[in-house]
Amino acid sequence: MARTLFIGLDGVTFTLLDELVRELPGEGVAMPFVAKLMREGFHAPLRSTAHPLTPPAWVSLITGRNPGHHGIFDFVRSEDRITDFYWTLSDRLDIRVESLWSIASRQGKRVVSLNFPMMSPPEPVNGCLVSGFVSWKHLRRNMTPDGLYDRIKAIPGFSAKELAWDFQRESQIGEEMTQAELEAWVDHHRPREEQWFRVAETLLAEDKPDLFAVMFDGTDKLQHQVWHVLDPRLIKNGMTDAEKRLRERVLGYYRRLDEYIARLAELAGPDARVFIASDHGFTASTEVVRINRYLGELGYLAWAENDGSATAKRREDANFAFLDWTKTLAFCPTPSSNGIVIRVANEPGHPGVPPEQYEAFRAKLIEDLLALRGPDGGQVITGVMKREDVFPGAAMHAAPDLTVTLRDHGFVSVRNRAPVVESRRIIAGTHHPDGIFIGYGPGVSNDHSRKLMNIVDVTPTLLYSLGLPVPQDFEGRVRDQMFTDEMFDENPVLFGPPTLPVTNARGAASSGVSEAERAKILEQLRALGYLEN
Amino acid sequence: MMQAQEEISDTYNSSSTLASVIATIESIVQDWDLDQPVDASTRLVADLGFESIDLIQMAAALEQEFGRPNFSFADLLIVDGRYVDDLTVGQIAEALDARI
């Protein structure tokens, strides 16, 4: 089977991409290579996870499972400690299902995976893996195999600080910025992509893996802050000179990104298949919705008292709910989650809703959420999803009880400020459920009907391209329209045994699979030829 | 604080847990250009300049090292409902030892 090149583009959407791949007056074609892939190959919108957020969506994309199975719902996870909450970052040990890298590796395929989130600490692969979203201080420990860091360090121009995730800088996403700050924001992200490209170029050329995957995330970071100069619906009535300057800078970023993709495709060779996907789309957010303020006004939560200490100030300014946990029944934990957690008092004296009152409490809460109106009298929360409906699976209980969708697809605010709903002074970029999928190469069709795909379709597609069977427990499928009839005739889609259980995950106990059972499954797979000795 | 550090240092100098914790933390800070040697009395924040993200990375590394995926660092980081200001390497080893 052909070498498979997979490019992840965080947050890329056809709203924008359709503009970048066509001739625009005075701007030309910003992404001519991607234009060629779309013109000569397959492309379709890709529906993200129920809540279109980077960690759950990328993990769905590389596991073929919805968050209710894989267990990642947000950047962070929390522990309810009755009188306090403990917050920490989600990581690979929270993922409860097998990854694409593992599935391909154990069937003898050589793999390179670069910059995908939630891959830290890294799992061993048959090849190389560098975790994404990692600080420069922890890069060495977050790549595999041993010695890879020194190999990457030897690449001319390598800078760990430029390549790695800058937590302080990225926390500014969503803040209003001056023109100078916006220009600096764009400039900061260009060298970072260049660093990832250099690493990608080196490992692709030297290792020639069967599956090569790299994710570029500057797209998402830029779009959050500069959407007002990108969205064709927002700029159709003209831009100021400063906005035009900013747009030109951003287009420079996309032109360079197109060159990276073209170079990687060239290195992969003419017989390689190239796939591009995003974890979610993008759109404009026009208002701020302070969801915990609303819940507080309705009596569902109580705010923590700020005693004036540095700790209290830090916690109040952090992107985590800062509440009086002894009096809080329901709250939104983080702005990224758009989730509402209902606390259940499982023991007498604990704060929360008595278990027998949970259903009635939740029904009233949904009613109250849908009743929120903006200054214009319009309904602000357009959807409230119950976790059993959108996150079915063994990990469902780690999901928020409810997940809300706002009328502008924005993320909520968890801070205690008034008013509850307020128009933004500058339109911001936010996540839209529909991202992109592009395929190009031998056997790939040139279907342009744009039938909606699902994010869990990507993993089976990549496995099919590698000539591997699709695990029975995958939730997505290889779409009929993506490949030619000849391709399917010569290479029918094969279905194989389920994915391997993950026993070192924090939630693995719930899977009920012991080490002995895992060893037995491994032995069976080896006997069937699905596992390398 | 100083007295507590000395007690911890005395108790765990010979502990293999302490040696493993030191090795893990040395591995974490190896690219940080620090001159500070790591021992039981080393304070994560004051001596090594740990930030919250470094604590998270350390927690994951220790989970892997000790094969304890359900070990909760919240027990170590939150005392009487408040986050602690700093931790010594010895305190971490002590907490791990108590749970092995």
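Keep in mind that what you see is a predicted model, and the values were worked out from it rather than measured.

A.B. asks: Whenever I open this one, the overall build of chain A confuses me. Can you help?
C.D. replies: Assigned secondary structure in chain A consists of 19 helices and 19 strands. The C-alpha radius of gyration computed for chain A amounts to 23 Å, which stays within 12% of the reference 24 Å derived for 533 residues, consistent with globular compactness. The C-alpha extent of chain A, read off along each of the three principal axes, is 65 × 60 × 45 Å. Taking all 533 residues of chain A together, the buried fraction comes to 59%. Counted over contacts in chain A with a minimum sequence separation of 6, partners at least 24 positions apart contribute 71%. Accessible area of chain A: about 20800 Å², with a carbon and sulfur share of 50%.

A.B. asks: Quick question: what am I supposed to make of the layout of surface pockets here?
C.D. replies: Over the atoms, a rolling probe the size of a water molecule traces out where space has been left empty. Each pocket or cavity is described by its volume, and for the second largest pocket that value is around 1200 Å³. Those elements giving two or more residues to the lining of the second largest pocket turn out to be β3 (76-80), β4 (85-89) and β12 (339-342) of chain A together with α3 (52-66) of chain B. Here the lining of the second largest pocket gathers at least three residues from each of two domains, domain 1 (4-75 + 86-285 + 431-449 + 462-496) and domain 2 (291-419) of chain A.

A.B. asks: How should I be thinking about empty space enclosed by the protein in this particular structure?
C.D. replies: Residue and element names in this part refer to chain A. One pass over the full model with this rule turns up three cavities of 30 Å³ or more. Here the second largest cavity defines a volume of roughly 50 Å³. Lining the second largest cavity, in full, are T49, H51, P56, P67, F73, S337, F391, P400 and T403. Broken down by class, the residue content of the lining of the second largest cavity amounts to five nonpolar, four polar and no charged. Inspection of the lining of the second largest cavity shows a minimum of three residues originating in each of domain 1 (4-75 + 86-285 + 431-449 + 462-496) and domain 2 (291-419).

A.B. asks: What exactly am I supposed to notice about the side chain of D86 of chain B here?
C.D. replies: Residues and elements named next belong to chain B. The topology assignment puts D86 in the loop between β2 (82-83) and α5 (89-99). Nearest to the buried, unbridged D86 among oppositely charged side chains is R43, at 4.9 Å. Side-chain polar atoms of D86 contact the backbone nitrogen of L44, separated by 3.3 Å. A distance of 2.9 Å separates a polar atom in the side chain of D86 from the backbone nitrogen of V45.

A.B. asks: I would appreciate a short explanation of the pattern of salt bridges in the present structure.
C.D. replies: In a structure, side chains of opposite charge can pair up when their charged atoms sit close to one another. All names here are of chain A. Applying the stated criterion across every chain yields a total of 43 salt bridges over all chains. For D376, the salt bridge identified is with R407, shortest N-O distance 3.2 Å. Of this pair, D376 sits in the loop between α15 (358-370) and β13 (381-386) while R407 sits in the loop between β14 (402-406) and β15 (421-432), and the two are 31 residues apart along the sequence. A residue is classified by how much of its surface remains accessible, and D376, at 57% relative accessible area, is exposed. Ionic contacts of the salt-bridge type, sharing partners, join the residues E194, R198, E201, R256, E259, R263 and E266 into one network.

A.B. asks: Is there a simple way to explain the interface of chain B and chain A in this structure?
C.D. replies: Reports often express the size of an interface as the amount of accessible area lost when the parts come together. Each partner contributes residues to the interface: chain B has 27 residues there, and chain A has 28 residues. Buried area between chain B and chain A, summed over both chains or domains, comes out near 2300 Å², and the portion from carbon and sulfur atoms is 47%. Among the residues of chain B in contact with chain A, D31, Q57 and Y83 of chain B are the three that bury the most area, contributing 24% of the side total. Counting every contact that joins chain B to chain A gives three salt bridges. When the shortest N-O distance is used, the salt bridge between K137 of chain A and E51 of chain B registers 3.2 Å. Scanning the region where chain B abuts chain A turns up seven residue pairs in polar contact (both at pLDDT 80 or more). Breaking the side of chain B that touches chain A down by element, the ones donating at least two residues are α2 (16-29), α3, α4 (74-77) and β2 of chain B. Considered class by class, the residues forming the side of chain B that touches chain A number twelve nonpolar, nine polar and six charged.

A.B. asks: Got a minute to help me understand the packing of aromatic side chains in this structure?
C.D. replies: To describe a pair of aromatic rings, one takes the distance between the centres and the angle between the planes. Residue and element names in this part refer to chain A. Scanning the model with the defined rule gives 23 aromatic pairs over all chains in all. Seen in terms of ring centroids, F85 and F331 are 5.2 Å apart; in terms of plane orientation they differ by 75°. Their pairing is edge-to-face. Here F331 lies in strand β11 (residues 330-331) and F85 lies in strand β4, a separation of 246 residues in the sequence. Their ring planes at 75° and their centres at 4.8 Å tell us that W325 and F331 sit as a pair that is edge-to-face. Each member of the pair, W325 as well as F331, is classed as buried. One cation-aromatic arrangement involves K161 over W136; the distance from NZ or CZ to the ring centre is 4.6 Å. Here R450 stacks its cationic end above the ring of F14, 4.3 Å away from the centre of that ring.

A.B. asks: Just to check I follow, could you spell out the domain arrangement of chain A for this structure?
C.D. replies: Residues and elements named next belong to chain A. Here chain A is partitioned into domain 1 (4-75 + 86-285 + 431-449 + 462-496) and domain 2 (291-419). Just the C-alpha atoms count here: the centres of domain 1 and domain 2 sit 31 Å apart. Each partner contributes to the interface: domain 1 provides 21 residues, whereas domain 2 provides 26 residues. When domain 1 packs against domain 2, close to 1800 Å² is buried across both sides, 65% of that on carbon and sulfur atoms. Where domain 1 packs against domain 2, one counts nine residue pairs in polar contact (both at pLDDT 80 or more). Of the residues contributing to the side of domain 1 that touches domain 2, the split by class is nine nonpolar, ten polar and two charged.

A.B. asks: Any chance you could explain the sheet that holds β13 of chain A here in plain terms?
C.D. replies: Strand pairing in a sheet takes place through backbone hydrogen bonds and is either antiparallel or parallel in direction. Residue and element names in this part refer to chain A. On the basis of which strands lie adjacent, the open sheet formed by four strands has the order β11-β12-β14-β13 and antiparallel pairing. Only two strands of the sheet have a single partner each, and these edge strands are β11 and β13. Sheet analysis places β13 next to β14, joined by five bridges and oriented antiparallel. Within β14, the residue paired with I381 across the bridge is L406. Running over the sheet, α15 touches β11, β12, β13 and β14 and is turned about 160° from β13.

Thresholds, definitions, all that
Residues numbered from 1 in each chain as written. Chains lettered and ligands numbered in written order. Predicted model: local features only at pLDDT ≥ 70, side-chain atom pairs only at ≥ 80, totals over all residues. Heavy atoms only, no water. Helix = DSSP H or I, 4+ residues; strand = E, 2+ residues; numbered from the N terminus. Rg over C-alpha atoms; globule rule 2.2 N^0.38 Å. Buried < 20%, exposed > 50% of the residue type's maximum accessible area, 1.4 Å probe, protein only. Contact = heavy atoms within 4.5 Å. Areas by Shrake-Rupley, 256 points an atom, 1.4 Å probe, with all protein chains shown as cover. 1 Å grid on protein atoms, 1.4 Å probe; cavity = no way out; pocket = protein on both sides within 12 Å on 5 of 7 lines; lining within 4 Å. Points joined across faces, edges and corners; volume = space filled by probe spheres on them. Domains from an automatic or database assignment. Nonpolar A, V, L, I, M, F, W, Y, C, P; charged D, E, K, R; others polar. Lys, Arg positive; Asp, Glu negative; His and termini not counted. Salt bridge = Lys/Arg side-chain N within 4 Å of Asp/Glu carboxyl O. Polar contact = N/O pair within 3.5 Å; in protein donor to acceptor, adjacent residues only side chain to side chain. Buried area = accessible area lost by both parts, 1.4 Å probe. Phe/Tyr/Trp six-rings, centres within 6.5 Å; stacked < 30°, edge-to-face > 60°. Lys NZ or Arg CZ within 6 Å of the ring centre and 35° of its normal. Pairing = 2+ DSSP bridges. Axes fitted to C-alpha atoms, helices over the stretch in contact; angles between N-to-C directions.

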